[in-house]
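Overview (structure and organization)
In case you want the letters, here they are:
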2 protein chains.
Amino acid sequence: MARLDGALTPGGLQRRNAIINAAAQLFNEHGYHNTSTAQIAERVGCAKATVYHYFKKKPEILFEIHDQWIEELLTRVEERDPGLSLEEFLRSVFRDILHLMESKSDNVRVFFEYYHELPSDLRATAVAKRDRYEALILNRIEHGVRTGELKARQPRIAAFALFGMCNWAYQWYRPGRELSDEQVADELFSIYFDGLGAAPSAG
Amino acid sequence: MARLDGALTPGGLQRRNAIINAAAQLFNEHGYHNTSTAQIAERVGCAKATVYHYFKKKPEILFEIHDQWIEELLTRVEERDPGLSLEEFLRSVFRDILHLMESKSDNVRVFFEYYHELPSDLRATAVAKRDRYEALILNRIEHGVRTGELKARQPRIAAFALFGMCNWAYQWYRPGRELSDEQVADELFSIYFDGLGAAPSAG
């Protein structure tokens, strides 16, 4: 579906993005089941036929909501300076995810709360892309364990700890409050990397 | 709704729990919207009228699915030995939540994925109880910062980091795999308390 983008004019791409973002807002406000194509068209200010031109069915919009932000995360990791230290790399991952909570909060929340509504083929594609992203992070953690930079006994659990800390922010982080997304990311990262305990643990 | 329990016979309480657990399974398997009272009755092996005797509407079952496990978490924290060190207290919270992922995995997942389907009054009650639980943990973290046991600059974010690490397990933890819920909890806790970095951070 992402390949379709290449065939669109800049105006077409803009309309398609407007539909995706309007749908994410409406799914959040009224629920996925309670949102119709007519309401999405009304929010965008276009005809229903325009929505159908870009998306044959509502689940395709839901898929695209996720695909856009998981692509953004993948691109950011893949284009990152390979000279970054592991610590800086991991900090940047926290910042990437929290930045999404700032810039695309509706879109992130909608995916986590409604992904089970995707038909199984689209869900499998979405999960495969999420798995690819998770594997990129897990590989770096495993590498860090081998070089002695990280002390994870269970790299897989260390990766899930990272995703838990960052992804869970969709439940509580609200853009525009006292701390910026970068400040929140750095706070979370300092817990992840340095721990919360003030002294070496006796345990 | 929890007060109703007191009025039930042991047999009634058992039937009511069977309905709650069967509903959680079915909501997971087929989705909340696609599950009917008739299917719940069939899974329990009782009449539809029996389900209606305990729950007037489907959202009441969804509410109760959450209420049972949040009550379990609250009870465990409230009855905990007050002589525990802060480190041991926090470790026990990780174990409590991961234990739920083991013992009531369907029920936990259903709540996180379908809580937005609750009507606003029931949702407000559920959120208030979750807030009470979160406040108990946050208070202990704030106390630890005052005594110097914890180095959180932002106790609220430290509390959300804990909930993120533990609650996110509903996405990936599957009971009965190689690591027990307690082992997973202890791994997550060691990251939370001691950090993942092998050496003191230069940052």
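As the structure is a prediction and not an experimental result, all values here were calculated from the model.

**Observations concerning the interface of chain B and chain A**
Contacts between the two partners involve 47 residues from chain B, matched on the other side by 47 residues from chain A. With both chains or domains summed, chain B and chain A bury close to 4,400 Å², and 59% of this area falls on carbon and sulfur atoms. If you sort the residues of chain B by the area they bury against chain A, B:I157, B:W168 and B:L196 come out on top, with a joint share of 17%. The tally of links between chain B and chain A comes to two salt bridges. Here A:R153 ties to B:E187 by a salt bridge, and the two come within 3.0 Å at their closest N and O atoms. Counting the contacts that link chain B with chain A gives 24 residue pairs in polar contact (both at pLDDT 80 or more). Mapped by element, the contributors of at least two residues to the side of chain B that touches chain A are α6 (86-103), α7 (105-114), α9 (155-167), α10 (169-172) and α11 (181-194) of chain B. Considering every element that reaches the side of chain B that touches chain A, the biggest residue donor is α9(B), with nine residues.

**Points about the UniProt feature "DNA-binding region" (unreviewed entry) in chain A**
Here the UniProt-annotated "DNA-binding region" (unreviewed entry) positions come out as residues 36-55 of chain A. When the span residues 36-55 of chain A is considered, its composition is 75% helix and 0% strand, and the gap between its end C-alpha atoms is 13 Å.

**Observations regarding the relation of the copies chain B and chain A**
Here the two chain copies are tied together by a rotation about an axis and a shift along that axis. Between chain B and chain A, the superposition needs a rotation of 180° and an axial shift of 0.0 Å, giving an RMSD of 0.0 Å. These values place the two chain copies in the arrangement generated by a two-fold rotation axis. Rotation axis and chain B: the residue whose C-alpha lies nearest the axis is B:G195, separated from it by 1.8 Å. The share of interface residues of chain B whose copies in chain A are also at the interface is 100%, consistent with both copies meeting through the same surface.

Criteria and thresholds
Residues numbered from 1 in each chain as written. Chains lettered and ligands numbered in written order. Predicted model: local features only at pLDDT ≥ 70, side-chain atom pairs only at ≥ 80, totals over all residues. Heavy atoms only, no water. Contact = heavy atoms within 4.5 Å. Buried area = accessible area lost by both parts, 1.4 Å probe. Salt bridge = Lys/Arg side-chain N within 4 Å of Asp/Glu carboxyl O. Polar contact = N/O pair within 3.5 Å; in protein donor to acceptor, adjacent residues only side chain to side chain. Helix = DSSP H or I, 4+ residues; strand = E, 2+ residues; numbered from the N terminus. UniProt positions renumbered as here; feature names shortened; annotations may be inferred. Least-squares fit on C-alpha atoms with pLDDT ≥ 70 in both.

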